[in-house]
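Structure assessment
Chain by chain, the residues run as shown.
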Amino acid sequence: MASTTTRQSTAARKRAAAKPAVSGDLDFEPIRIAADDEIEEERVTLFYIGDDEYTIPKEIPPGAALEYLRKAGERGEQFAAPTLLTRVLGEDAYQALEKSKGLKDEQLQQIIQIVIDLSLGRGEKQEGKGK
């Protein structure tokens, strides 16, 4: 008699190998999302500290917005913003802001608002009649 682990492993392999079933009632194909290593990230300058340039992705991944929205819903926007900034700016840029003696409150608020707006799609240029 086969052991329980063998039966479980075989069953798990069969489930993993099975193709996803698409019901005849549904009219869609599976969505393919590129692997992270297939994505070339273009970056743009957000701010300078002295002559040091700090950049953000030109297109912020939607996952950053989803994480921000989840954390904002759980704990409030003031607790979600640092996580979003760290993810978008990167740890080095975030720490540079933390340690900057020249950073003014208005500049920090502007950086935070730009990152939030771009992450949530509000910073994109409007096209069409609504412009």
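Report follows, based on the coordinates. (Residues numbered from 1 in each chain as written. Predicted model: local features only at pLDDT ≥ 70, side-chain atom pairs only at ≥ 80, totals over all residues. Heavy atoms only, no water.)

1. Side note on the packing of helix 3 (residues 77-89) against helix 5 (residues 105-119)
- Close contact between helix 3 and helix 5 brings their axes to 10 Å; oriented N to C, the two are set at 80 degrees. It follows that helix 3 is roughly perpendicular to helix 5 by the angle criterion. Facing helix 3, whose interface residues are A81, L84, L85, V88 and L89, helix 5 presents I111, I112, V115, I116 and S119.
- Residue classes in the contact of helix 3 with helix 5 are distributed as 9 nonpolar, 1 polar and no charged. (Axes fitted to C-alpha atoms, helices over the stretch in contact; angles between N-to-C directions. Helix = DSSP H or I, 4+ residues; strand = E, 2+ residues; numbered from the N terminus. Parallel < 35°, antiparallel > 145°, perpendicular 65-115°, else oblique. Contact = heavy atoms within 4.5 Å. Nonpolar A, V, L, I, M, F, W, Y, C, P; charged D, E, K, R; others polar.)

2. Considering the layout of surface pockets
- Volume-wise, the largest pocket comes out at about 340 Å³.
- Lining of the largest pocket is provided by 13 residues; of these, I39, E40, E41, E59 and P61 occupy positions nearest its centre.
- Residue classes in the lining of the largest pocket are distributed as 7 nonpolar, no polar and 6 charged. (1 Å grid on protein atoms, 1.4 Å probe; cavity = no way out; pocket = protein on both sides within 12 Å on 5 of 7 lines; lining within 4 Å. Points joined across faces, edges and corners; volume = space filled by probe spheres on them.)

3. Comments concerning the pairing of strand 2 (residues 52-57)
- Bridge count between strand 1 (residues 43-49) and strand 2: 6 bridges; the pairing is antiparallel. Residue pairing across strands places T45 opposite T55, the latter belonging to strand 2.
- A loop of 2 residues connects strand 1 with strand 2, the two strands running antiparallel in sequence, and G50 in this loop sits at a positive phi of about 65 degrees. (Pairing = 2+ DSSP bridges.)

4. Comments concerning the pattern of salt bridges
- Under the defined criterion, the tally for this structure stands at 4 salt bridges.
- Between E41 and R43 there is a salt bridge, with its nearest N and O atoms 2.8 Å apart. (Salt bridge = Lys/Arg side-chain N within 4 Å of Asp/Glu carboxyl O.)

5. Comments concerning the environment of K101
- For K101, the position within the fold is in the loop between helix 4 (91-99) and helix 5.
- Here K101 falls in the exposed class, since its relative accessible area comes to 84%.
- As for K101 and I49, which are separated by 52 residues in sequence, their C-alpha atoms are 9.9 Å apart. (Buried < 20%, exposed > 50% of the residue type's maximum accessible area, 1.4 Å probe, protein only.)

6. Remarks on helix 5
- Look at helix 5: 21 Å from first C-alpha to last across 15 residues, which is about the 21 Å you get at 1.5 Å a residue.
- Those residues of helix 5 lying buried are I111, I112, V115, I116 and S119. Along helix 5, the residues classed as buried sweep out an arc of 125 degrees about the axis, all on the same side.
- In the core, the buried residues of helix 5 are packed alongside strand 1, helix 2 (62-75), helix 3 and helix 4. (Expected span 1.5 Å × (residues − 1). Arc of directions from axis to C-beta.)

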